[in-house]
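Here's the letter readout for the chains.
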Amino acid sequence: MRVSTDWLYPRFTWRQGLGMMGFGLVGAGIAGAYGILHDQVTFTLSPEYFTHFKFDQFDYLDDALSPRVRVAQIGFLATWWVGFFAGWFMGRVTLPHLPAATAARQALRAVSVMLGLALASGLAGGVFAPQNPDRLQAWQAFLDLRGVTDPAAFVRVGWIHNGSYLGALLGLIIALLWLRRGRHQGSSTQAK
């Protein structure tokens, strides 16, 4: 019995490689747009999460710009790469096995699964974030260091962000498994 090493040493044509790159670029655009919208909403919930934390992480951005523009930049920069790799992997799973149009349709469905889980997990993070003073104690040193005046909102937005990343990761895993299963079904129906 021969074991395939295709997962370790992928084999694909230049055309398929360019298609995967295209899937990655589309994924980057979708994820970047999601990040912009996500961070605009969370900025509304806790401006301090950005002004006392994220602006420091992205201190190379032009601080002469309005806070909303900087938040949009941060939203894009924090998410585009997730979408790029997700799109590339989706292309990697589908393009060598399916026609490009079928692969694209399946990948867009998979992206909706990933986005849906990211959104649902982010909302869950916001709902389950610690809000009472006893549960916020674990955060107190960090919040004091940052000079945060509304700890409950800050922590809620932190949980929303972490939940969204976790949901995106789970969504990607589920989407890739679904695409892998679907490519076998799609290639077997094409052979008939």
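Residues numbered from 1 in each chain as written. Predicted model: local features only at pLDDT ≥ 70, side-chain atom pairs only at ≥ 80, totals over all residues. Heavy atoms only, no water.

1. Let's talk about the packing of aromatic side chains
Tallying each qualifying case throughout the model produces 10 aromatic pairs. On the basis of an interplanar angle of 55 degrees and a centroid distance of 6.0 Å, the ring pair of phenylalanine 142 and phenylalanine 154 is categorised as tilted. With phenylalanine 142 in helix H6 (residues 140–146) and phenylalanine 154 in helix H7 (residues 151–191), this pair connects stretches of sequence that are 12 residues apart. Among the residues examined, phenylalanine 154 registers a relative accessible area of 1% and is labelled buried. Three or more aromatic residues joined by ring pairs make a cluster, and in this case those are Phe43, Tyr49, Phe50, Phe53, Phe142 and Phe154. Against the face of phenylalanine 55 rests arginine 70, its NZ or CZ located 3.9 Å from the ring centre. (Phe/Tyr/Trp six-rings, centres within 6.5 Å; stacked < 30°, edge-to-face > 60°. Helix = DSSP H or I, 4+ residues; strand = E, 2+ residues; numbered from the N terminus. Buried < 20%, exposed > 50% of the residue type's maximum accessible area, 1.4 Å probe, protein only. Lys NZ or Arg CZ within 6 Å of the ring centre and 35° of its normal.)

2. Remarks on the side chain of glutamine 16
Looking at the element boundaries, glutamine 16 is found in helix H1 (residues 14–45). There is a polar contact of 2.9 Å between the side chain of glutamine 16 and the backbone nitrogen of threonine 13. With sequence-adjacent residues up to four places away left out, glutamine 16 is seen in contact with Leu95 and Pro96. (Polar contact = N/O pair within 3.5 Å; in protein donor to acceptor, adjacent residues only side chain to side chain. Contact = heavy atoms within 4.5 Å.)

3. Details of the environment of methionine 90
Note that methionine 90 resides in helix H3 (residues 67–94). A residue is classified by how much of its surface remains accessible, and methionine 90, at 1% relative accessible area, is buried. Note: C-alpha distance between methionine 90 and methionine 20 (70 residues apart in sequence) is 7.8 Å. When sequence neighbours within four positions are dropped, the list of residues in contact with methionine 90 reads Phe23, Ala107, Ala110, Val111, Met114, Leu172, Ala175, Leu176 and Leu179.

4. As for the pattern of salt bridges
Scanning the model with the defined rule gives one salt bridge in all. Aspartate 56 serves as the salt-bridge partner of arginine 146, at 2.7 Å between the closest nitrogen and oxygen. Residue arginine 146 is located in helix H6, and its partner aspartate 56 is located in helix H2 (residues 47–57); the two are separated by 90 residues in the primary sequence. Taking relative accessible area as the criterion, arginine 146 reaches 26% and is therefore assigned partly exposed. (Salt bridge = Lys/Arg side-chain N within 4 Å of Asp/Glu carboxyl O.)

5. Details of the packing of H1 against H3
The interhelical angle for the contact between H1 and H3, taken along N-to-C directions, is 145 degrees, at an axis separation of 5 Å. At the point where H1 passes H3, the crossing takes the right-handed sense. For the contact of H1 with H3, the residue count by class is 17 nonpolar, 12 polar and three charged. (Axes fitted to C-alpha atoms, helices over the stretch in contact; angles between N-to-C directions. Left-handed = near helix turned anticlockwise from the far one by under 90°. Nonpolar A, V, L, I, M, F, W, Y, C, P; charged D, E, K, R; others polar.)

6. Regarding a nonpolar patch on the surface
Residues Phe76, Trp80, Trp81, Phe85, Phe89 and Tyr165 make up a contiguous nonpolar surface patch of about 590 Å² in total accessible area. The element best represented in the nonpolar patch is H3, accounting for five residues. Of note, tryptophan 80 is situated in helix H3. (Patch = residues over 30% accessible without salt bridge, like charges linked within 9 Å, V, L, I, M, F, W, Y side chains within 5 Å. Areas by Shrake-Rupley, 256 points an atom, 1.4 Å probe, with all protein chains shown as cover.)

7. Some remarks on the confidence of the model for the protein chain
The predicted coordinates ought not to be read in detail in places where the model reports low pLDDT. Averaged over every residue, the pLDDT of the protein chain is 90; the share at 70 or more is 90%. Here H7 is the element of the protein chain with the lowest mean pLDDT, 85, and H2 is the one with the highest, 96. A low-confidence stretch, residues 188–192 (pLDDT under 50), is modelled with three contacts involving residues beyond four sequence positions or located in other chains. (pLDDT = per-residue confidence, 0-100.)

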